[in-house]
Amino acid sequence: MVRRDDPEVIGRRVQQLRHERGLTQRQLAEPAYTPAYISTLEAGRVRPSDDALRHLADRLGVAYDELATGRPAHLATELRLRLTEAQRTLATGESEEAAEQYADLLAEAESLGLADEEAVALLGLGECGLDTGDLTAARLHFERAEQRLADEPLPSRVPAIRGRAVAHYLTGELRYAVYLLESTLDELNRGGLHDPDALLLLYASAIGPYMDMGAHARAAQAAELALALAPQVADPALLARMHRSVARTLIAEGKVAEADASLVKAADLYRQLQFRTELANCHWMRGYVYAQDGELERAEVELRQALAMLTAKRAALYSSQVAVELADVLHKRGKSDEAAALLHDVLSDLSSERGALHSAAAHRLLGIIAEDARDTDAAEEHYVRALSLLERAGAAGDLADLCRMLGDLLRRTGRVEAALDAYRTGLGHRTAPGTTTLGPAPAQPPL
């Protein structure tokens, strides 16, 4: 494919514009260049320098970028404005509409050869995929965005890397998600690239997979570093995301009031920005906080509000995950039939490749409900399916707990040997509190 900045293409462009303006080669060249240079340039035998292009653009009455690339400068500006509109659409939770906008803008950016704008559109499509649960497409969009930004400094590539990590995390590939985040953090900090926005985005994104893997000490450290970086970050959306992620660590430490306060801050920021999906996620996390603190009625209210907001915005994967949390609260409140119906509805939207951890949680809860109803066969089936999903994801703490539950069930039904096997499996996954098999933590920024 012929590039817009090839010497032959630029030469033809200069010649066409010169003819349109009725200029001779001498008139175009003087006073800085010779007619012979203009002739050589128009023939495509020399690549003009930036100074030469600026001189020619001034003589021809066009913008430098238009002469260098062949596209009017206003097109790139208009495209960037429309990309901002698409970002706004996504921020308000209209993921499908935003995806259509981004797809159109991507095609336009590709036709104009605007690599930076292509990357922005691809990042937007990736975020839309995360919202709607199309995780394979999301990952591919983030990969393409990273390729477009290959020549940019690492901090510029962080949003694409973080997007890939989140896509892998949501499919249940916790260890690989952590690898992507930690290796990038290590490279940034060891290389002296202490970009606050990039670091905060990575630390906040790592908290979820750390918690699910049972790496509570590392999650707490990531939260501490994220909070230390917060005063240096001007982006309110990023700050809001950080507060929501940090709340998970505070919950694990038993700091319920602090967690709730962190989520209130996030909700206020998202409300200002009208980030509907993220605001719904704040209600989700507040519901989780209340459930952990035993305030089940308040938890149900928050989770129902989150589910209604996410369903209205058609954020399919997130709404399925919230539904599992809500079902757990309903079960604890004695509404097991409603909880089971909700879980069966959402399982059709979850799988080992899409929401593996919440799919496992759904099967675990259905197993508990079946045990309560003394349907041991159904309970065992759900526990075994949950076990398979958790083994694939590497969620050590949840695996150990589920093996204990399965072992207890098998023991109560007289299958002692099978129960011992389940217990042994659980012990193999049990780690001491706050430990992990992830290897050394990444280098830290100089805070």
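Anything mentioned here points back to the structure above.
Residues numbered from 1 in each chain as written. Predicted model: local features only at pLDDT ≥ 70, side-chain atom pairs only at ≥ 80, totals over all residues. Heavy atoms only, no water.

**Structural notes on the overall build of the protein chain**
Thinking step 1. The secondary structure content of the protein chain amounts to 23 helices and zero strands.
Thinking step 2. With 447 residues in all, the protein chain has 51% of them scored as buried.
Thinking step 3. Partitioning the contacts of the protein chain with sequence separation of at least 6, the portion at a separation of at least 24 is 60%.
Thinking step 4. For the protein chain, the accessible surface area stands at approximately 20,400 Å², while carbon and sulfur atoms represent 49% of it. (Helix = DSSP H or I, 4+ residues; strand = E, 2+ residues; numbered from the N terminus. Buried < 20%, exposed > 50% of the residue type's maximum accessible area, 1.4 Å probe, protein only. Contact = heavy atoms within 4.5 Å. Areas by Shrake-Rupley, 256 points an atom, 1.4 Å probe, with all protein chains shown as cover.)

**Considerations on helix H19 (residues 336-347)**
Thinking step 1. Spanning twelve residues, H19 covers 16 Å between terminal C-alpha atoms, matching the ideal 16 Å at 1.5 Å per step.
Thinking step 2. The set of residues buried in H19 consists of Ala 339, Ala 340, Leu 342, Leu 343, Val 346 and Leu 347. Taken around the axis of H19, the buried residues stretch over an arc of 165 degrees, which confines them to a single face. Counted as exposed and oriented over 90 degrees from the buried face of H19: Asp 337 and Asp 345. (Expected span 1.5 Å × (residues − 1). Arc of directions from axis to C-beta.)

**Quick look at the environment of Thr 376**
Thinking step 1. Relative to the elements of secondary structure, Thr 376 occurs in helix H21 (residues 376-393).
Thinking step 2. Among the residues examined, Thr 376 registers a relative accessible area of 30% and is labelled partly exposed.
Thinking step 3. Put simply, Thr 376 and Leu 410 are 34 residues apart on the chain and 8.9 Å apart in space, counted from C-alpha to C-alpha.

**Concerning the packing of H19 against helix H20 (residues 356-372)**
Thinking step 1. Between H19 and H20, the shortest axis-to-axis distance is 10 Å and the interhelical angle comes to 150 degrees. Read as a crossing pair, H19 and H20 show a hand that is left-handed. From H19, Ser 336, Ala 339, Ala 340, Leu 343, His 344 and Leu 347 reach across to H20, where they touch Ser 359, Ala 362, His 363, Leu 365, Leu 366 and Ile 369.
Thinking step 2. Broken down by class, the residue content of the contact of H19 with H20 amounts to eight nonpolar, four polar and no charged. (Axes fitted to C-alpha atoms, helices over the stretch in contact; angles between N-to-C directions. Left-handed = near helix turned anticlockwise from the far one by under 90°. Nonpolar A, V, L, I, M, F, W, Y, C, P; charged D, E, K, R; others polar.)

**Details of the pattern of salt bridges**
Thinking step 1. One pass over the structure, following the stated rule, counts 25 salt bridges.
Thinking step 2. Between Glu 127 and Arg 162 there is a salt bridge; the shortest N-O distance is 2.7 Å. Here Arg 162 lies in helix H10 (residues 154-170) and Glu 127 lies in helix H8 (residues 115-132), a separation of 35 residues in the sequence.
Thinking step 3. Taking the shortest distance from any N to any O, the salt bridge between Glu 300 and Lys 335 comes out at 3.2 Å. (Salt bridge = Lys/Arg side-chain N within 4 Å of Asp/Glu carboxyl O.)

**Points about the nonpolar core**
Thinking step 1. Counting residues in each nonpolar core, the largest one holds 118 residues, and the members touching the most others are Tyr 102, Leu 130, Tyr 203, Met 242, Leu 343 and Tyr 383.
Thinking step 2. Here the element with the most residues in this core is helix H12 (residues 196-213); it accounts for twelve residues.
Thinking step 3. The contacts of Met 242, once residues within four sequence positions are left out, are Leu 200, Ala 204, Ala 226, Leu 227 and Ala 230.
Thinking step 4. One finds Val 14, Ala 57, Leu 67 and Ala 68 within the second-largest nonpolar core, a separate group that totals 14 residues. (Core = buried A, V, L, I, M, F, W, Y, C linked by side-chain atoms within 4.5 Å.)

**Quick look at the environment of Ala 266**
Thinking step 1. Mapping Ala 266 onto the fold places it in helix H15 (residues 256-273).
Thinking step 2. Sequence separation between Ala 266 and Cys 282 is 16 residues; the distance between their C-alpha atoms is 6.9 Å.
Thinking step 3. What Ala 266 contacts, discounting residues up to four positions off in sequence, is Ala 240, His 243, Arg 244 and Cys 282.

**Observations concerning the environment of Ala 228**
Thinking step 1. Of note, Ala 228 is situated in helix H13 (residues 216-229).
Thinking step 2. In sequence terms Ala 228 and Pro 196 are 32 residues apart; their C-alpha atoms lie 9.8 Å from each other.

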